[in-house]
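# Observations on the three-dimensional arrangement
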Amino acid sequence: TRYIKQSRKEIWAKPLADGSYAVVLFNRGLLARKISFKWSDLKLDWETAKVRDLWKKHNLGTFKNSFTAKVEGRGAVMVKISQ
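Now for a description of the structure that goes with this document.

## Brief notes about the pairing of strand β8 (residues 76–82)
- The two faces of β8 differ: Val 77, Val 79 and Ile 81 on one face are buried, but Ala 76, Met 78, Lys 80 and Ser 82 on the other face are not.
- As defined by bridge partners, strand β3 (residues 21–27) adjoins β8 across 6 bridges and the pair is classed as antiparallel. Considered in β8, the bridge of Ala 22 is made with Lys 80.
- In terms of strand pairing, strand β5 (residues 48–53) meets β8 through 4 bridges, oriented antiparallel. Paired with Asp 53 across the bridge in β8 is Val 79.

Here it is as structure tokens:
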């Protein structure tokens, strides 16, 4: 489901069977940019979430209320967020 579309950025998310979410940050522009989202953007009332980069297979840490990633031009970042 697409939750956010603003200019050249899009944020899509899907709930997973274990209660976590797969989130994809798309940069439709030509230049790299930082893309952020809040847990509340996904209608979650979480205070903190663990974030894992699914393509790099690397845990990024625990974040409070939101997450920001640098996304290359015409690129995407896919993360899993969980409590």
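## Re the nonpolar core
- Core analysis: the largest hydrophobic core is formed by 20 residues, its most contacted members being Val 23, Leu 25, Phe 37, Trp 39, Phe 67 and Ile 81.
- Of all elements in the fold, only β2 (9–15), β3, β4 (33–38), β5, β7 (66–71) and β8 reach the threshold of two or more residues within this core.

## Brief notes about the environment of Gly 29
- Here Gly 29 is to be found in the loop between β3 and β4.
- For Gly 29, a relative accessible area of 2% gives the class buried.
- Sequence separation between Gly 29 and Gly 19 is 10 residues, and the spatial gap between their C-alpha atoms is 32 Å.
- Among residues more than four places away in sequence, those in contact with Gly 29 are Arg 8, Gly 73 and Arg 74.

Each value, and the rule that gives it
- Residues numbered from 1 in each chain as written.
- Predicted model: local features only at pLDDT ≥ 70, side-chain atom pairs only at ≥ 80, totals over all residues.
- Heavy atoms only, no water.
- Buried < 20%, exposed > 50% of the residue type's maximum accessible area, 1.4 Å probe, protein only.
- Helix = DSSP H or I, 4+ residues; strand = E, 2+ residues; numbered from the N terminus.
- Pairing = 2+ DSSP bridges.
- Core = buried A, V, L, I, M, F, W, Y, C linked by side-chain atoms within 4.5 Å.
- Contact = heavy atoms within 4.5 Å.

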